[in-house]
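# Residue-level structure breakdown
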Amino acid sequence: MRRTLARMAKQVEKPEWARVAEAFEASGQTQREFAAAHGMRLSTLQSWVYRRRRAAPSRAEAVRLLPVQVATAPAATESVLEVVAAGGARVRFAAGTDVAYVARLVAALGR
C-alpha cells in the first residue's frame, strides 16, 4: 500500500478497503493491533474484514452424495454391548441396560 492508512480520506473506494482487509488477514496481527498500527478505527476495520469474509467464496469442499442401499440388520440372538475403560477393563452388558448404571460402573473401575 502506497499511502499509510492514517492519511487515507474517510471516503475511500471499496477496492482499496478490500485491500486493507486483505492486508489485515495477511498481517498475523489482531484486529486491534492492526487498526492501531495503521491509525484507523477498530470498528471500521472490523466492518470491512466482515464484508470481505462474507463476500469470499466458500472454502468448504463440495458435498458428494453416494447411492446407498438400506438393508435389514441380521437377526441377532443376543444384543451385547461392550465398553473398554481407559485402564483396559471391559464391561459387557445387554442392550437396554440403564446407561447411568453403566457409566457409574465404568467410572468406579477407572478409580
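Everything discussed here concerns the structure shown above.
First things first, this report covers the structure right here in the doc. (Residues numbered from 1 in each chain as written. Predicted model: local features only at pLDDT ≥ 70, side-chain atom pairs only at ≥ 80, totals over all residues. Heavy atoms only, no water.)

Moving on: the packing of aromatic side chains. For the structure shown, the criterion picks out two aromatic pairs. Taken together, a centroid distance of 5.7 Å and an interplanar angle of 75 degrees make the contact between Phe 24 and Phe 34 edge-to-face. With Phe 24 in helix α1 (residues 14-27) and Phe 34 in helix α2 (residues 31-37), the pair connects residues that are 10 residues apart, well separated along the chain. You can call Phe 34 buried: its relative accessible area is 2%. Lying across the ring of Trp 48, Arg 51 places its NZ or CZ 4.8 Å from the centre. (Phe/Tyr/Trp six-rings, centres within 6.5 Å; stacked < 30°, edge-to-face > 60°. Helix = DSSP H or I, 4+ residues; strand = E, 2+ residues; numbered from the N terminus. Buried < 20%, exposed > 50% of the residue type's maximum accessible area, 1.4 Å probe, protein only. Lys NZ or Arg CZ within 6 Å of the ring centre and 35° of its normal.)

Time to look at the environment of Val 106. Relative to the helices and strands, Val 106 resides in helix α4 (residues 99-109). Discounting chain neighbours no more than four positions away, the residues touching Val 106 are Val 83, Ala 85 and Val 91. (Contact = heavy atoms within 4.5 Å.)

Applying the stated criterion to the full structure yields four salt bridges. Here Glu 25 ties to Arg 53 by a salt bridge, and the two come within 2.7 Å at their closest N and O atoms. One end of the pair, Glu 25, is in helix α1; the other, Arg 53, is in helix α3 (residues 42-55), with 28 residues separating them in the sequence. What makes Glu 25 partly exposed here is its relative accessible area of 33%. Arg 90 is the partner of Glu 82 in a salt bridge, and the nearest nitrogen-oxygen pair spans 2.9 Å. The network of salt bridges with common partners includes Glu 82, Arg 90 and Arg 92. (Salt bridge = Lys/Arg side-chain N within 4 Å of Asp/Glu carboxyl O.)

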